[in-house]
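Here is how the chains run, residue by residue.
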Amino acid sequence: MNLRRASALALLLCAACGTREDARTTVEFWALGREGEVVRELVPDFERRHPDLRVHVQQIPWSAAHEKLLTAFAGGALPDAIQLGNTWVAELVALGAIERLDDRIADSSVVRPDDWFAGVLETTRVDGSTWALPWYADTRLLFYRKDLFAAAGWSQPPQTWDEWRAALADLRRTLPPGSHPILLPITEWEMPVILALQHGATLLRDGDRYGDFRSPAFRAGFDFYLDFFRADLAPRRGAAEIGNLYQDFAAGSFASFASGPWSLGELARRLPPEFRDRWATAPLPAPEGPRSGVSLAGGAGLALVRGSPRADAAWRWLEFLAEPAQQVAFHRLSGDLPARRSAWRDPSLAGSAHAQAFLIQLDRVRPTPRIPEWERIASRIAHHAEAVVRGNESLDAALESLDREADQVLEKRRWLLRREDLAP
Amino acid sequence: MRIHPAAGFLAPALAALLCFFLLPVVAGFALSLTDFDLYALADLRNLRFVGLENYAQLLRDPGFWSAFRNTLGFVAVGGPLSVGASLAAALLLCAKSARAQAFFRTVYFLPVVTTLVAVAVVWRFLYHPRLGLLNHALGTLGVAPIDWLGDPALAMPALIALAVWKNFGFNMVIFVAGLQGIPERLYEAARLDGATRWQQLRFVTLPMLLPTTGFVALMTLIGHFQLFAEPYVMTQGGPGDSTRSLVLLLYEQGFRWWSLGQAAAIAVVLFAIVLGATLLSRVRPARREAHA
């Protein structure tokens, strides 16, 4: 690790001396995980088009990225542009670490906000401004075994909650004991929140000042989530206890699961080609038809670091990555789903039935509250959801604790907002 | 005023102590009286002095108490097991009839020098409910598969087993040194008095090892209170809260949520606990030493 850091530092230093020699402006760009690896392949094209610019990509593992961004901010060591998880936007805005992009977007001939999925764009908006360009989109929907569903009498995926419940109950009868109709890791907050959003829950209230978990909408979604476990439709298993999701799925340990775009790639890569026709994707069912249910808006965005002396050059690079052609190229390299609709006309996406369900779902996504405290509140939801599923806490007690804990986490936010109101 | 000549020699060490120990401790304590967080990181005007509110909040937080219980359980069960295992291994190594001592000493010491992350990956496989070697072995005895890391009641015992295995080698080496320091004539005299093997162990070896044991126990105690890496790598504190230790809680408060004020309060509380436990454990051995 240290060796890696040292060599990364050495690389950085080399890049720095490089610029001085050839007088080109070098844009420092931090990208995360696998994306940071493959985005390098887009750099030569960009540098050909902009002979006066160079891009240096620094790759950071996802698991360390959040911490690294914050410590780099504290140490004044942020680069010129960064990739960031959309849930971090509010935090970096609160820190004053990134630039408002509204003016640049308005002046740009490449970036067209109406081409982005509305829900995904919304994740990058805080206080009425856009702070990041959506790079790729992420959401959750249903992955299911077509053969197992058909054997239970369901040739089409369920579209409403009632159908969903009925389909899983039918599967419960046709599946062998020990197998489950659906897998929902009990340590995650996403599913109960999605089901609550489908019911119209706002999660927080009064301008995100207080928790709103005892609202009828949140309770209805949470209760529906618990039904999966009460009826033994889903195993009581946390994410860490699932050995190999994809192999278990192929073996029929469970007939469906909720997951994101990364599972498309994993299923294609890890399972034999003949398995390809035995699974499918479907948008999440809705409490009532006819449209599919909403899901979470996620993904990653591209942001400019505030105060960077190379902001204009960095913006060129971000604009380049937002071009539909580059969105397609990036999709082919990474498997990530483009955040721009026009990129979806590419045959690699338009021709894939597995991907098409995502296109439908991405038009039906909602962001979670865009405040720095959200991830912390979400972790409390995960905590209490697990406790209720394991039978250690009642639903009422969990919702009450959630409200209390959210209110406590939001205390500072309320204080800051009150002070702002008092200020002239 | 005349400066004592020793002051010049002491100054470098004292300066280092002041800079790298005393100041951080004082700063940490000061931090624990504020609500330093992400907003304060952005702008220091957002920092509030909250007095002892962080501590009061800790006492009200069930998450803190469960982390406290988990840590205490780890110390109370894992500590004696760890010391016992290292003592047993050292006695075996130093037994007259033992062969290839150097080989075994190396083998037993290997886990200590292995990276915990690598070890954790291997142990996760060992504990795997379906593929794990442990369940496979139990299966041949007719025991149904056990979900070691997934069951809230078993996850902590599983981590204790890992920690004992990982760390006993270090204490073993210290015990071996202690055993080699016991003069042979004492055993000779005991044998002349007709002492059995057991009596030799009970009345010669163990009393002579007391200072070593005191040291080993103390270091183990302090180390065990700082349980972090095992749950961080193996379980992230789960399932439920069953393996979240005080230091893991501190880490999450500080570096996941950036509630540095809260995190500092936990650090101060942990410091007080370890200090208290250390003082308590020093009382008895010191008196016995005086006897011997």
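Residues numbered from 1 in each chain as written. Chains lettered and ligands numbered in written order. Predicted model: local features only at pLDDT ≥ 70, side-chain atom pairs only at ≥ 80, totals over all residues.

Undergrad: Give a detailed account of the overall build of chain B, specifying residues and quantitative values.
TA: Helix and strand content of chain B: 13 helices and zero strands. For chain B, the succession of helices and strands along the chain, N to C, is α-α-α-α-α-α-α-α-α-α-α-α-α. Expressed along its principal axes, the backbone C-alpha trace of chain B runs to roughly 75 × 75 × 30 Å. Within chain B, buried positions represent 30% of all 292 residues. In chain B, 67% of the contacts between residues at least 6 apart in sequence involve partners at least 24 apart. (Helix = DSSP H or I, 4+ residues; strand = E, 2+ residues; numbered from the N terminus. Buried ≥ 20, exposed ≤ 12 C-beta atoms within 10 Å, placed from the backbone. Contact = placed C-beta atoms within 7 Å.)

Undergrad: Lay out the overall build of chain A with the relevant residues and their values.
TA: Tallying secondary structure elements over chain A gives 20 helices and 15 strands in all. Its C-alpha atoms give chain A a radius of gyration of 23 Å, near enough to 22 Å, the size a compact globule of 424 residues would have. Taken along its principal axes, the extent of the C-alpha atoms in chain A is 70 × 60 × 45 Å. In chain A, which comprises 424 residues, the share counted as buried stands at 46%. Taking all contacts inside chain A whose residues are at least 6 apart in sequence as the whole, residues at least 24 apart take part in 76%. (Rg over C-alpha atoms; globule rule 2.2 N^0.38 Å.)

Undergrad: Let's hear about the interface of chain B and chain A: which residues, and what values?
TA: One widely used convention gives an interface's size as the accessible area the parts lose upon coming together. Taken residue by residue, the interface counts 20 residues in chain B and 21 residues in chain A. Tallying contributions element by element places helix α2 (residues 38-42) of chain B first for the side of chain B that touches chain A, with four residues. For the side of chain B that touches chain A, the class distribution of residues is 10 nonpolar, six polar and four charged. (Nonpolar A, V, L, I, M, F, W, Y, C, P; charged D, E, K, R; others polar.)

Undergrad: Describe in detail the confidence of the model for chain B, supporting the description with residues and values.
TA: Regions with low pLDDT carry predicted coordinates that are not meant to be interpreted in detail. Residue and element names in this part refer to chain B. Looking at chain B as a whole, the pLDDT averages 89, with 97% of positions reaching at least 70. Ranking the elements of chain B by mean pLDDT puts helix α13 (residues 260-291) last with 80 and helix α4 (residues 62-94) first with 94. pLDDT under 50 marks residues 286-292. Its contacts with residues more than four places away, or in other chains, come to five contacts. Note on the complex model: pTM 0.84, ipTM 0.77. (pLDDT = per-residue confidence, 0-100.)

Undergrad: Describe in detail the sheet that holds strand β11 (residues 279-282) of chain A, supporting the description with residues and values.
TA: Residue and element names in this part refer to chain A. Ordered in space as β10-β7-β11, the three strands form an open sheet in which the pairing is antiparallel. Looking at the sheet topology across the chains shown, the edges are occupied by β10 (256-259) and β11. Going from strand to strand, the sheet's axes swing by 25 degrees on average, the running direction of each strand aside. Bridging between strand β7 (residues 141-145) and β10 involves four bridges; their strand directions are antiparallel. Bridge pairing in β10 places L141 opposite S259. (Pairing = 2+ DSSP bridges. Axes fitted to C-alpha atoms, helices over the stretch in contact; angles between N-to-C directions.)

Undergrad: Would you mind going over the sheet that holds strand β1 (residues 25-32) of chain A in detail, with residue names and values included?
TA: Backbone-to-backbone hydrogen bonds pair the strands of a sheet. The strands run either parallel or antiparallel. Residue and element names in this part refer to chain A. An order of β2-β1-β3-β13-β6-β14 is seen for the six strands of this open sheet, with the pairing classed as mixed. In this open sheet, the two strands that pair with only one neighbour each are β2 (53-60) and β14 (337-338). Where helix α14 (residues 311-322) meets the sheet, it contacts β1, β2, β3 (81-85), β6 (133-138) and β13 (298-304), and its direction lies at approximately 150 degrees from that of β13.

Undergrad: Mind laying out the nonpolar core, listing which residues take part and the relevant values?
TA: Judged by nonpolar contacts, the single largest core of 175 residues is most densely connected at A81(A), I182(A), A303(A) and L318(A). When residues in this core are grouped by element, the largest group, 13 residues, is from helix α8 (residues 155-180) of chain B. Two domains each provide a minimum of three residues to this core, namely domain 1 (25-139 + 298-362) and domain 2 (141-295 + 370-416) of chain A. (Core = buried A, V, L, I, M, F, W, Y, C linked by C-beta atoms within 7 Å. Domains from an automatic or database assignment.)

Undergrad: Which residues make up helix α1 (residues 5-31) of chain B, and what are the values?
TA: An ideal rise of 1.5 Å per residue puts 39 Å on 27 residues; α1(B) measures up with 37 Å between its terminal C-alpha atoms. Maximum bend of α1(B): about 50 degrees, positioned at A11(B), with proline P12(B) one to four residues after it. (Expected span 1.5 Å × (residues − 1). Bend = angle between axes of the 7 residues up to and from the residue.)

Undergrad: Go over the domain arrangement of chain A, please, and point to the residues and values.
TA: Residue and element names in this part refer to chain A. We note that the domain assignment places domain 1 (25-139 + 298-362) and domain 2 (141-295 + 370-416) within chain A. Computed from C-alpha atoms alone, the centre-to-centre distance between domain 1 and domain 2 is 28 Å. Every contact between the two is made by 18 residues of domain 1 and, on the other side, 17 residues of domain 2. At the level of elements, α5 (89-95) and α17 (353-362) are the ones that each hand at least two residues to the side of domain 1 that touches domain 2. Among the elements that line the side of domain 1 that touches domain 2, the one with the most residues is α17, at seven residues.

Undergrad: Which residues make up unusual backbone geometry, and what values do they have?
TA: Of note in this structure, D208(A) is not a glycine but carries a positive phi near 60 degrees. Relative to the helices and strands, D208(A) resides in the loop between β8 (204-205) and β9 (210-211). In the Ramachandran plot, W258(B) falls in the positive-phi region, its phi being about 60 degrees despite a non-glycine side chain. As for its position among the elements, W258(B) is in the loop between α12 (246-256) and α13. On the neighbour-count criterion, W258(B) (24 C-beta atoms within 10 Å) is buried.

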